[in-house]
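# Residue-level structure breakdown
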Amino acid sequence: MSIERRSVLKGMVLSGAALALSQAGLAHAAHTTSAVSRQPVLLLVSDAEAQTAFIDGVKANPSVARVTVLKAQHDLDFIAAFQQRLSASKGERIIGLVDDASGMLLLDLARSAGARVHWTGQHVTQNGVSRHRVAATDNSANCIKQFAEFAENCSRPTAMTEQTLSASRQWASSLGFALASPEPNRRYLRTTPPTYSSAVDGHFVSFSIET
Amino acid sequence: MTTENNKVLPKGITQADFDKAMDEFRALLGKDNVLVEAEQLKPYEKIMMPVDAAEHAPSAAITATTVEQVQGVVAICNTYKIPVWTISTGRNFGYGSSAPHHRGQIILDLKKMNKILHIDADLGTALVEPGVTYQQLYDHLEDNNIPLMLSFSAPSAIAGPLGNTMDRGVGYTPYGEHFLMQCGMELVLANGEVYRTGMGGVKGDNAWQVFKWGYGPTLDGMFTQANYGICTKMGFWLMPKPPVIKPFEIQFDEDSDITEIVDFIRPLRIAQIIPNSIVIAGVLWEASTAGVRRSDYTTEPGATSQAILKQIQKDRKLGAWNVYCALYGTKEQVEVNWNIVTGALKQLGKGRIITQEEAGDTEPFAYRAKLMSGIPNLREFGLYNWRGGGGSMWFAPVSQAKGSECGKQKSLAEKILNKHGLDYVGEFIVGWRDMHHVIDVLYDRTNPDEVKRADACFNELLDEFEKEGYAVYRVNTRFMDRVADSYGPVKRRLEHTLKRALDPNNILAPGKSGIDLDTFKDW
């Protein structure tokens, strides 16, 4: 891999620089029932509209200390740089809401890098109604429950394995909130993801990866 | 002994035996190379087929780094009768991804066997391990100024030559029929012996990568798309990089032009005037790879209307059919062949040529030109954004390279796909005398009704094509057994006779291409 390609990830950061979202600056960051180990998160997004709601959901989760947001693409340079990052880092949390093509590639790269994948989801929204095919490991199973709880009009999960849910407007921010939790079984009693008046249309892949 | 906290077990294997086997794998491979935790196995479950991922969940994934370790894995699998599904880079996506054929099989992931063992710049040969990717090979050639070029499938960069060739994949250069360019394999057999094909068994030989046939029966083909051995090394030929590569496109405006296109192209291909594996791509394939999504035009369920297809064609300046070819050689050779091609097109009286100079960096021309020039890219993943939802199955029937055959196949496929509310997203890849008709059956896995329709659609495609005398050359794991039936009972009995002789414990990838001693009854 060329040196140029290794450095590409820097150039792929949204708006030309890492968008670091500090929880300290968020007025609505509520306290949880006990101290939570705040962890940095790498957040990958690929759609302007979806990313706003998803990022807002992540921001609302009090457990997140610092979020670096990257715009995911399915071109060779981004993929090579992501591959490099997967191999180089240890214990990094990477969550994302990206397009289908990028999602397919990123998850497969996670597999070959030996990363742990806690959650995968397919999400489709049309005309204000959304469908979600989600799957989580046992350790992250409450992510599904938490997601369903916050997403407006979401069907109740029947199991903690792969399943299809339907929801409406709030799903993207609810998803961001749920996936940002380093301890999915922890309840953030006084904190909820922000609400939106319009739904995010389109189709997406979500994931939670630990290098 | 460790007790595994694992809900998935290989069929017929007790937890106690499974735990013992895992301990033996750890002793052989090191604990970091034996994956049994749900978070480690989850990425191996990712599928694009219309079934629950649980049906293809592995019980474990192990990684080996040497041939001796692969031999050790086979020995342990024989001891405990544990079936092992081997992957190289695991990037088979619409043909089944990296998930095993059926639930409980362990995965032997050879991604860490990733050495480029030898490149001979003079002879244009390579010898690689299973985990070598095309990007790795491309970088090696570039970094070392070796004037050879690659042929690869569209996932190019992240896929690998060994796995693609073992599955008889194709590329887009003059070396596009990859198995034809394969020369020499090393395989670990089910009894643990290491077998080398061709000249590979001769002590002191150095012709393993240049002479395919060796002496006596030539068995290479028997190991492709099969489960008789685990390929640990493969040799293949690389094309000398020519001084000039001239990629070009010919656009045709009407769907019905396919008959004339094929009859126009065939003689040029057979005579090697156009030497590469030419692609004749439909409008939706090209639109998707250029970044168009179905939702840009409609949110109506079902098949996309002809009116929209025409609108996309107009908006994106595409043909109903988009033919991609390239000429290779010296300036003089290319000029002669260019005159022949343009002369033949003039005679045909239709079709619009677009050169690289005219197309510039516009997609999809740019990525097609790269594929034909041996430069990796990932542009074709745009197909997954057309409809969205993560469902993809390649339906890949073969036909003669005759216009009437291709027109018939296209009409039949489109009729069946549309009946099930899905789109024809297809292309033809021209071999020397055959057509690989490759259709991506794209559907939304979040929609239970669409999942059912996609499954029914794929079955109907297989059934109706079979009635017309067609069969697919490759298929995802869900339909392997069904497709094996298309090729007749004698072939199936022979394949299982070989399996019984070579792998009596049925440990190597049971189910691959329909070969499985546990389920086959038609002796």
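Before any of the text, the structure's been laid out above.
To start, this report covers the structure provided alongside it. Numbers given to residues run from 1 along each chain, matching the order in which its sequence is written. All chains are assigned letters beginning with A, and all ligands numbers beginning with 1, in the order in which they are written. Note on the predicted model: pLDDT of at least 70 is required for a residue's local features to be given, and 80 or more for side-chain atom pairs to be given and counted; whole-chain, interface and lining totals, by contrast, use all residues. Only heavy atoms go into the side-chain values, all of them from the structure, while hydrogens and water stay out.

### Let's talk about the environment of B:Tyr195
Residue and element names in this part refer to chain B. Our working definition: By the criteria applied, helices consist of DSSP H or I runs no shorter than four residues and strands consist of E runs no shorter than two, each listed in order from the N terminus. Only protein chains enter the accessibility calculation, which uses a 1.4 Å probe. A residue is then buried if its area is under 20% of the maximum for its type, exposed if over 50%, and partly exposed in between. In what follows, residue pairs with any heavy atoms lying within 4.5 Å of each other are defined as contacts.
Structurally, Tyr-195 can be placed in strand E9 (residues 194–196). On the accessibility criterion, Tyr-195 (24% relative accessible area) is partly exposed. Sequence separation between Tyr-195 and Ile-230 is 35 residues; the distance between their C-alpha atoms is 9.9 Å. If sequence neighbours within four positions are ignored, Tyr-195 has contacts with Met-185, Glu-186, Leu-187, Leu-189, Leu-219 and Phe-223.

### Remarks on the pairing of strand E4 (residues 106–109) of chain B
All names here are of chain B. Where we set the bar: Here, strands pair whenever DSSP counts at least two bridges between them.
Burial along E4 is two-sided: the face carrying Ile-106 and Leu-108 and the face carrying Ile-107 and Asp-109 are both buried. Bridging between strand E2 (residues 61–63) and E4 involves three bridges; their strand directions are parallel. Bridge pairing in E4 places Ile-62 opposite Leu-108. With four bridges connecting them, strand E3 (residues 84–87) and E4 associate as parallel partners. Along E4, the bridge assignment pairs Trp-85 with Ile-107.

### A short note on the interface of chain B and chain A
Just so we agree on the cut-off: Two parts lose some accessible area (1.4 Å probe) when they are put together, and adding that loss for both gives the buried area. Should a side-chain nitrogen of Lys or Arg be within 4 Å of a carboxyl oxygen of Asp or Glu, the pair is scored as a salt bridge. For this analysis, a polar contact is any N or O atom pair within 3.5 Å, provided that within protein one partner can donate a hydrogen and the other can accept it, and provided that sequence-adjacent residues contribute only side-chain to side-chain pairs. Each residue is assigned to one of three groups, with Ala, Val, Leu, Ile, Met, Phe, Trp, Tyr, Cys and Pro labelled nonpolar, Asp, Glu, Lys and Arg labelled charged, and all others, Gly among them, labelled polar.
Contacts between the two partners involve 46 residues from chain B, matched on the other side by 39 residues from chain A. Of the roughly 3,500 Å² buried at the junction of chain B and chain A (both faces included), carbon and sulfur atoms supply 52%. With a shortest N-O distance of 2.4 Å, B:Asp444 and A:Arg131 are connected by a salt bridge. Our count for the contact surface shared by chain B and chain A stands at 22 residue pairs in polar contact (both at pLDDT 80 or more). Residue assignment for the side of chain B that touches chain A shows that the elements contributing at least two residues are helix H2 (38–41), helix H4 (134–143) and helix H13 (448–467) of chain B. Its residues placed into classes, the side of chain B that touches chain A shows 17 nonpolar, 14 polar and 15 charged.

### Overview of unusual backbone geometry
Where the residue is not glycine, phi is negative for most of them; where a peptide bond is considered, it is trans in most cases. Residues and elements named next belong to chain B. The residue after Glu-363, namely Pro-364, is reached through a cis peptide bond having omega 10°. Tracing the sequence through the fold places Pro-364 in the loop between helix H10 (356–359) and helix H11 (365–373). Positive phi, close to 60°, is recorded for Lys-81, a residue that is not glycine. Within the fold, Lys-81 resides in the loop between helix H3 (67–80) and E3. According to the relative accessible area criterion, Lys-81 is partly exposed, its value standing at 44%. One non-glycine residue with positive phi stands out, namely Ala-509, at about 40°. Here Ala-509 is to be found in the segment after helix H15 (489–502). The exposure class of Ala-509 is buried, given its relative accessible area of 12%.

### Examining H4(B)
Within the sequence span of H4(B), burial applies to B:Tyr134, B:Gln135, B:Leu137, B:Tyr138, B:Asp139 and B:Leu141. One or two steps after H4(B), the chain reaches B:Asn145, where phi turns positive at roughly 50°.

### A short note on the sheet that holds strand E10 (residues 229–237) of chain B
Residues and elements named next belong to chain B. Rule in force here: Axes here mean lines fitted to C-alpha atoms, for a helix over just the part in contact, with angles spanning 0 to 180 degrees between N-to-C directions.
Within the open sheet, the five strands sit side by side as E5-E6-E10-E8-E9. Their pairing is antiparallel. Edge strands, defined here as strands with exactly one partner in the open sheet, are strand E5 (116–120) and E9. Taken over all neighbouring pairs, the strand axes of this sheet differ in orientation by 15° on average, direction set aside. Pairing geometry for strand E8 (residues 182–189) and E9, over three bridges, is antiparallel. For Val-188, the partnering residue across the bridge sits in E9 and is Val-194. Across the sheet, H3 touches E8, E9 and E10, and the angle it forms with E8 is around 45°.

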